[in-house]
Amino acid sequence: MPRERLRPVDLAREHGLSTQAIRNYEEAGILPPAARTPHGYRTYTPVHREALRAFLALIPGHGHQTATSIMREVNGGAVEEALRLIDESHAQLLDDRRTLLAVERALRDLTAEEKPRAEERPGPGGVTFIGPLARRLGIRPATLRKWERAGLVNPRRDPQTGYRVYTAADVRDARLAHQLRRGGYLLEQIAPLLAQVRSAGGIAPLEATLRDWHARLTARGRAMLTGAAGLDAYLSHPGRPGAVPED
């Protein structure tokens, strides 16, 4: 029984794509090579349809570049390498979840922290200096200077004395950095998180950002499940390149 033959437009129409996109996907190795008619026209089969479905299902969870790499490896017969790429995406998602939990834990610790002792309380205008702040956090002043060089805190200088002056926002950033450092995060990992706190206008407005962060991670996790189902269907197709024929 002859195999079903499909035109590029047949594949394109199902997903609202152009026929040029189908040709591009084939040239990129996302789809297996198509057969040609005696006149040079491409002819596709149901296995190409399954490959396209798998690729489009992988994109939301893994991104276009990784989804492309996965399909290339599968079509090249390197299924184990394709699965390794998927594992890396899952590991990145887990790392992102851990980062989010660390930020939330640090914020909870900030709100639950006891009030500073009298000698460590901010002075007039809500400002403090490097010594009292270091004692409050239980670190050395040199650590605060290192954090400043890394961009975690940005105290201003008193124009008369040259001393570093930490505002309430600076103290907040230092406390958050301290909590994240205790959680094992590197300075280069903490800097963008603190930048997000500043851009949000403080910790309270950041709560909406955290909710959105949770939602995006959940959506990404669900998308990975959908992508896995699509790829599994393609891997199970008997016409896939490199597939083991059934007895």
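Heads up: these notes are all about the structure in this document.

Rules used throughout
- Residues numbered from 1 in each chain as written.
- Predicted model: local features only at pLDDT ≥ 70, side-chain atom pairs only at ≥ 80, totals over all residues.
- Heavy atoms only, no water.
- Helix = DSSP H or I, 4+ residues; strand = E, 2+ residues; numbered from the N terminus.
- Buried < 20%, exposed > 50% of the residue type's maximum accessible area, 1.4 Å probe, protein only.
- Contact = heavy atoms within 4.5 Å.
- Areas by Shrake-Rupley, 256 points an atom, 1.4 Å probe, with all protein chains shown as cover.
- Arc of directions from axis to C-beta.

1. Here's the deal with the overall build of the protein chain
Part 1 of the reasoning: Within the protein chain, the secondary structure is distributed over 10 helices and 4 strands.
Part 2 of the reasoning: Listed N to C, the secondary structure of the protein chain is α-α-β-β-α-α-α-α-α-β-β-α-α-α in terms of helices and strands.
Part 3 of the reasoning: Out of the 247 residues in the protein chain, the part that is buried amounts to 41%.
Part 4 of the reasoning: The contacts of the protein chain with a sequence gap of at least 6 include a subset with a gap of at least 24, amounting to 60%.
Part 5 of the reasoning: In the form shown here, the protein chain has an accessible surface area of approximately 14200 Å², with 52% of it arising from carbon and sulfur atoms.

2. As for helix α7 (residues 141-149)
Part 1 of the reasoning: Within the span of α7, buried status applies to T143, L144 and W147. Buried residues of α7, viewed axially, fall in a sector of 100 degrees; they line one side.
Part 2 of the reasoning: On its buried face, α7 is in contact with α6 (130-137), α8 (168-182) and α9 (187-200).
Part 3 of the reasoning: At the exit of α7 stands G151, carrying a positive phi of roughly 85 degrees.

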